[in-house]
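Secondary and tertiary structure notes
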Amino acid sequence: MSSKLDISVVVPFFNEEESLPELVAWIDRVATTNQLSYEIIMVDDGSTDGSWGVVERLKEQYPQIRAISFMRNYGKSAALYCGFEMAEGEVVFTMDADLQDSPDEIPEMRRMILEEGYDLVSGWKKRRYDPISKRWPSKFFNATARFMSGIKLNDFNCGLKAYRRKVVKSIEVYGEMHRYIPILAKHAGFKRIGEKVVMHQERKYGKSKFGIERMVKGYLDLISVTFMSYFGRSPMYLFGSLGTLMFLFGGVTALWIIIDKLYSQFNGLMWRAVADQPMFYIALLAIILGVQLFLAGFLGEMINRRSVDRNTYLIEKKIEN
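Residues numbered from 1 in each chain as written. Predicted model: local features only at pLDDT ≥ 70, side-chain atom pairs only at ≥ 80, totals over all residues. Heavy atoms only, no water.

1. Let's talk about the overall build of the protein
Along the protein, the regular secondary structure elements total ten helices and eight strands. For the protein, with 321 residues in total, the buried portion stands at 47%. Expressed as a percentage of contacts within the protein between residues at least 6 apart in sequence, the contacts between residues at least 24 apart total 81%. About 17,000 Å² of surface is accessible on the protein, with carbon and sulfur atoms providing 59% of the total. (Helix = DSSP H or I, 4+ residues; strand = E, 2+ residues; numbered from the N terminus. Buried < 20%, exposed > 50% of the residue type's maximum accessible area, 1.4 Å probe, protein only. Contact = heavy atoms within 4.5 Å. Areas by Shrake-Rupley, 256 points an atom, 1.4 Å probe, with all protein chains shown as cover.)

Following this line, the structure appears as structure tokens:
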């Protein structure tokens, strides 16, 4: 595959056999109209319907398609991770396969990358056709992500995004981190992050594959990515600092209790046995927790320096040019 392609469009999907033909035709129409050389990288995330057969038939009509099929459902982050590894276009796009993202946004988002110098342009579904049960939690989630990351985006989770090729080759998306790609990009050094209002369409086929549990996972992942952004390279800075503070607090408190008891005893004052004072046990607990936190930071440093963490996903089928 030539590296001179104008765009790569990464499309992760799970059970979207009805929408795939329309989406591919739409992308082809936009690319052809704007004279863009392109590839469509389709990642089947363990579909159980006839989606892969649809992809094989589409490949006969559209040679620009490249595709892989996972042996089971790994999740959107895994699909994006593998799609990014395959991408060869100068600008890489991601979009969902349910036709709610519009390929008509591709030319302008590409222009923003190439002419305005952005590293990443994220779509903003300013007007959404989702039910209110999804819209309001999403607003709260995005507000929290903005506050914790410092990135002024209105819609972190929009599936339609454009990236400079170097960005997708420099970040590693895992777990459920696809929601936080802008944060991962910023942490990697790509600080030119922009946003574009994009058209959001009602779902035409099927139903959403995401339930309420994604909100819980979303916040847990936000904590994870925030921690990794600040302390991923050196966990000792967090655990070691907390451990040292707790150890000092516990040690000083225990020492003060013992000295106070001895002073009172030798001067004929009223005194209590050290073992009868609840504060002494709190001090001991702080010492123990402090040591454990310090060791956790030390072990984290050892593991971080020795391990090479690469995701491995079992691919059942693959289509190349």
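2. Considerations on the pairing of strand E5 (residues 120-124)
A large share of E5 lies buried, amounting to four of its five residues. Inspection of the sheet shows E5 paired to strand E6 (residues 161-164) by three bridges, in the antiparallel sense. Within the sheet, the bridge partner assigned to Val-121 lies in E6 and is Ala-162. (Pairing = 2+ DSSP bridges.)

3. Details of the packing of aromatic side chains
Enumeration according to the criterion identifies three aromatic pairs in this entry. Between Phe-280 and Tyr-281 the ring centres are 5.8 Å apart and the planes differ by 75°, which places this aromatic pair in the edge-to-face class. Look at Tyr-281 and you get partly exposed, because its relative accessible area is 46%. The ring centre of Tyr-118 lies 4.8 Å from the NZ or CZ of Arg-192, which sits over that ring. If you follow Lys-261 out to its NZ or CZ, it ends over the ring of Trp-271, 4.9 Å from the centre. (Phe/Tyr/Trp six-rings, centres within 6.5 Å; stacked < 30°, edge-to-face > 60°. Lys NZ or Arg CZ within 6 Å of the ring centre and 35° of its normal.)

4. Regarding helix H4 (residues 106-115)
Turning to H4, its buried residues are Ile-106, Met-109, Arg-110, Met-112 and Ile-113. The arc that holds every buried residue of H4, seen down its axis, measures 155°, which confines them to one face. Looking at the buried positions of H4, the neighbouring elements they touch are strand E1 (7-13), helix H1 (20-33), strand E4 (91-94), E5, E6 and strand E7 (193-197). (Arc of directions from axis to C-beta.)

5. What to know about the sheet that holds strand E3 (residues 65-70)
If you trace the eight strands from one edge of the open sheet to the other, you get E7-E5-E6-E4-E1-E2-E3-E8, paired in mixed fashion. Two strands lie at the open edges of the sheet, namely E7 and strand E8 (315-319), each paired on one side alone. With direction set aside, neighbouring strand axes in the sheet form an average angle of 15°. Most of the contacts of H1 go to strand E2 (residues 38-44), to which it runs at about 160°, and overall it touches E1, E2 and E3. Set on the sheet, helix H7 (residues 181-188) makes contact with E5, E6 and E7; between it and E5 the angle comes to about 160°. (Axes fitted to C-alpha atoms, helices over the stretch in contact; angles between N-to-C directions.)

6. Section: unusual backbone geometry
The residue Asn-15 is not glycine, and still its phi comes out positive at about 55°. On the basis of relative accessibility, which here comes to 21%, the residue Asn-15 falls in the partly exposed class. Even without being glycine, Gln-35 reaches a positive phi, approximately 55°. In this structure, Gln-35 sits in the loop between H1 and E2.

Keep in mind these numbers describe shape, not what the thing actually does.
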